[in-house]
Amino acid sequence: MGTETRSSDRWGIGRVIGYLERLGPTWLAGAIAAGPATMVSLLVAGASFGYALLWVVVLSAILGTVGQYLAMRLGLLTEAGVVAVVEDSLGSGWAWVLVIDAVLAAGLAQLVIMKTLAEVSATIVGTAGVAALADPRLWGVAWALVLALGLAGGGYRIAELGAKLLVSLVVLAFVASAVVVPIDPAEAATGLVPSMPADVGGAVVAAGVLGGAVHITLLTMQGYTMRARGWTERDRGIARFDVVSSMLVAFGIFSLAVFLVAASVLPGVVDPATIDEIQAARALGPIAGEHATWLFLLGLWGAAVSTLGGNTIVPPYLLADKLGWEQSVDDPRYRGALVAVALASAVGAFLEGAFFELLVLVLAFGLVGTPFALAAILVLLNDSAVVGETNSFLENVGGLALFAIAVVLAVEFVLEELPAASAGDPTALFVVAFAAAMALAIVGLVWTAVRDRFRACSG
C-alpha cells in the first residue's frame, strides 16, 4: 500500500503540484507577451479586419513557443546569458549590437507601456470623479518612482501580484465572452488562410500581433531568468514544460480569446482608426454588461503594471552581462541601472499621440529587431564549440521558419512605412534606418559565423 501511494503520488497530483511550483522563467516572458501592447494589437486586429488575421494570431502562439524553446536550449546548454555567449563565440562587437538592439526595443516599449499605465490610471481616477488626479503626467512620475523603489528594494512584488490577479480576471472575462458572443465558425475559418489585408495599416497590425509573441526582449531574457532559478541542462524536462504551458497553452488561449471576441463584437461598432480604451471595453459587454468599462480598464492597468516590471529588468540584465556586473541588486551598478531605467520611464507619460496606436507600433518595431537575435541564437545552437548538443534537423527547420516569417512581416511593416519616410516623417525614417542597420547586421553575423566555421574546418 505504501509503495502504491508513493507511486501514485510520483505520477499523480504530487508530481503535477511539484511541476507547477517550479514553473517560472517562461511564464515571466509570457506575462510580458500578454501585456497591454499585445492585448491592444489583438483588439485592433479584430476591430479593423474581422477574422482576416486569425492565421497570424495562431502563428504567434506557435512561433512564440518555438522562439522561447530555442532560447531555452541555448540557456540550458551554455548555462550563461546570451550576451556573454555571443561575446565569447562571435566577438565583443556582435555582443554590443545585440545589446543595443534589445535595449532600443525594450526601451521604446518601456516608454509606451508607461504612457499606457499613466493614461489608464488617470482615466480610472477621472471616471471615479477625482479630477485633481486625472493628469497622466503626474501618474507617470509617480509610477516611475514606485517602479524604481520597488525593483531596487524588492517591494514591487506586492503591486505586481495584485496586477497579475487583475490580468487573470480580464483574461477569464475574454475567455467567457468567447463562449457567449456569436462567433461564426465558418467565417472565422476563412481567417486561417494566410493573406494580408489590403487596407492601410494591415502590415503594421499583423507585425504587432506577431511581435507580441516573438520579440527580442522575450528571447534575450529567457537565459537570465533561468539562471536566476538555477536551472541547468538537468532541468530540460521542466524547462520544456515551462515553455509549452506558458507560450503555447496560456498565451495561445489568451490571444485567441481576445482576438475572436474583438473580431465578433467590435467591427462596425467602433472606428478602428480612433479606437481607444473606452471603445475597446465594448468587447467585454456581452459578459460584463455595464461593468465592461471598469473591468477592461482595470485589466489593462494590471497588464501594464506587470509588464512594466518585467520589461524594466531587461536592459540592466543585458548591460550587466556585457560589462561583467553581478546580475543582482546586491551589485550597486546593476541596482543603479535598474533605478535609471525605471525613472527614465516617466518620459513616456509626456509622449504625444494615442497609446492604442503607439502600442501596436512599438511591437511592430520590436519585430524589426528580432530577426538579428534569432539569427544569433541559431548560429550559436549549430556551433559544436558552443553547445555540446547542436540543433536537430527539426529544431533548425522550426528556427528557420520562425526567422523567415519574422523577416517577411518585418519587411511588410517597413515597406508600409516607406512612403511616410520619404515624406520626412521622423518616426518612419527611424524605423527604416533601424531596419537597414539590422539587415546589414544579420548579413555580417552570418558571414562571420561561416568564415569562422570555414577557418575551423581548414585548421
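Okay, so let's go over this structure.

The rules behind the values
Residues numbered from 1 in each chain as written. Predicted model: local features only at pLDDT ≥ 70, side-chain atom pairs only at ≥ 80, totals over all residues. Heavy atoms only, no water. Helix = DSSP H or I, 4+ residues; strand = E, 2+ residues; numbered from the N terminus. Rg over C-alpha atoms; globule rule 2.2 N^0.38 Å. Buried < 20%, exposed > 50% of the residue type's maximum accessible area, 1.4 Å probe, protein only. Contact = heavy atoms within 4.5 Å. Expected span 1.5 Å × (residues − 1). Patch = residues over 30% accessible without salt bridge, like charges linked within 9 Å, V, L, I, M, F, W, Y side chains within 5 Å. Areas by Shrake-Rupley, 256 points an atom, 1.4 Å probe, with all protein chains shown as cover. Salt bridge = Lys/Arg side-chain N within 4 Å of Asp/Glu carboxyl O. Core = buried A, V, L, I, M, F, W, Y, C linked by side-chain atoms within 4.5 Å. Polar contact = N/O pair within 3.5 Å; in protein donor to acceptor, adjacent residues only side chain to side chain. Arc of directions from axis to C-beta. Phe/Tyr/Trp six-rings, centres within 6.5 Å; stacked < 30°, edge-to-face > 60°.

1. Some remarks on the overall build of the chain
On a plain count of helices and strands, the chain comes out with 21 helices and zero strands. Its C-alpha atoms give the chain a radius of gyration of 22 Å, near enough to 23 Å, the size a compact globule of 459 residues would have. The burial tally for the chain puts 53% of its 459 residues in the buried class. Counting contacts in the chain only where the partners sit at least 6 residues apart, residues at least 24 apart contribute 83% of the total.

2. Description of the environment of valine 265
Inspection of the secondary structure assignment puts valine 265 in helix 13 (residues 236–265). When the C-alpha atoms of valine 265 and alanine 47 are compared, they prove to be 7.9 Å apart, with 218 residues separating the residues in sequence. When neighbours within four sequence positions are excluded, valine 265 is seen to be in contact with Val181, Arg282, Ala283 and Pro286.

3. A word on helix 7 (residues 92–127)
A rise of 1.5 Å per residue sets the reference length of helix 7, with its 36 residues, at 52 Å; its end C-alpha atoms lie 51 Å apart and thus fit the reference within 8%. Remark: glycine 129 follows helix 7 within two positions and exhibits a positive phi of approximately 95°.

4. A short note on a nonpolar patch on the surface
On the surface, Ile62, Val175, Val244, Leu248, Val249 and Ile253 cluster together to form a nonpolar patch covering roughly 440 Å² of accessible area. Take the nonpolar patch: its biggest share by element is four residues, from helix 13. Its location among the elements puts valine 175 in helix 9 (residues 156–180). On the basis of relative accessibility, which here comes to 31%, the residue valine 175 falls in the partly exposed class.

5. Focus: the environment of leucine 429
Within the secondary structure, leucine 429 is located in helix 21 (residues 426–458). On the basis of relative accessibility, which here comes to 41%, the residue leucine 429 falls in the partly exposed class. When the C-alpha atoms of leucine 429 and proline 419 are compared, they prove to be 9.8 Å apart, with 10 residues separating the residues in sequence.

6. Comments concerning the side chain of serine 177
Inspection of the secondary structure assignment puts serine 177 in helix 9. Residue contacts for serine 177: discarding those within four places in its chain leaves Val261, Ala283, Leu284 and Ile287.

7. Considerations on the nonpolar core
Core analysis: the biggest nonpolar cluster contains 144 residues, and Leu43, Phe174 and Phe296 have the highest contact counts within it. If one sorts the elements of this core by residue count, helix 19 (residues 355–381) sits on top with 20 residues. Leaving out residues up to four positions away in the same chain, leucine 43 has contacts with Phe174, Val258, Ala262, Leu266, Ala280, Ala283 and Phe296. Membership of the second largest hydrophobic core comes to seven residues, among which are Met226, Trp231, Ala239 and Val243.

8. Let's talk about the side chain of aspartate 242
Inspection of the secondary structure assignment puts aspartate 242 in helix 13. At 2.7 Å, the side chain of aspartate 242 and the backbone nitrogen of threonine 26 are in polar contact.

9. Section: the pattern of salt bridges
Inspection of every chain in the model, using the stated rule, returns nine salt bridges. Across the salt bridge formed by glutamate 395 and arginine 73, the nearest N and O atoms sit 3.6 Å from each other. Within this pair, whereas glutamate 395 is found in helix 20 (residues 393–422), its partner arginine 73 is found in helix 5 (residues 54–78), the two being separated by 322 residues in sequence. Looking at glutamate 395, the relative accessible area reads 16%, which means it is buried. Under the relative-accessibility criterion, arginine 73 is labelled buried at 4%. Salt bridges sharing partners connect three or more residues here, namely Arg73, Glu233, Arg236, Glu389 and Glu395.

10. Let's talk about helix 18 (residues 332–344)
With 13 residues, helix 18 extends 18 Å from end C-alpha to end C-alpha; this agrees with the ideal 18 Å at 1.5 Å per step. When helix 18 is considered as a whole, its buried residues turn out to be Tyr334, Ala337, Leu338 and Ala342. Viewed along the axis of helix 18, the buried residues span an arc of 130°, placing them on a single side of the element. Packing partners of the buried residues in helix 18 comprise helix 8 (136–153), helix 16 (292–312) and helix 17 (314–323). Where helix 18 begins, the capping side chain belongs to aspartate 331, and its oxygen is found 2.9 Å from the backbone nitrogen of arginine 333.

11. Topic: the environment of alanine 31
Tracing the sequence through the fold places alanine 31 in helix 3 (residues 25–33). Distance from alanine 31 to tryptophan 325, taken between C-alpha atoms, is 26 Å for residues 294 residues apart in sequence.

12. With respect to the packing of aromatic side chains
Applying the stated criterion to the full structure yields nine aromatic pairs. Relative to tyrosine 317, the ring of tyrosine 224 lies with its centre 5.3 Å away and its plane at 10°, an arrangement referred to as stacked. With a gap of 93 residues between them, tyrosine 224 in helix 12 (residues 216–229) and tyrosine 317 in helix 17 connect regions that are remote in the sequence. Pair check on accessibility: tyrosine 224 and tyrosine 317 agree, each one buried. Between phenylalanine 251 and phenylalanine 254, the aromatic rings sit 6.0 Å apart at their centres with planes inclined by 40°, giving tilted as the arrangement. Note that phenylalanine 251 and phenylalanine 254 are positioned in helix 13 at a spacing of three residues, about one turn of the helix. Under the relative-accessibility criterion, phenylalanine 251 is labelled buried at 3%. Cluster of aromatic residues (ring-pair linked, three or more members): Tyr224, Tyr317 and Tyr334.

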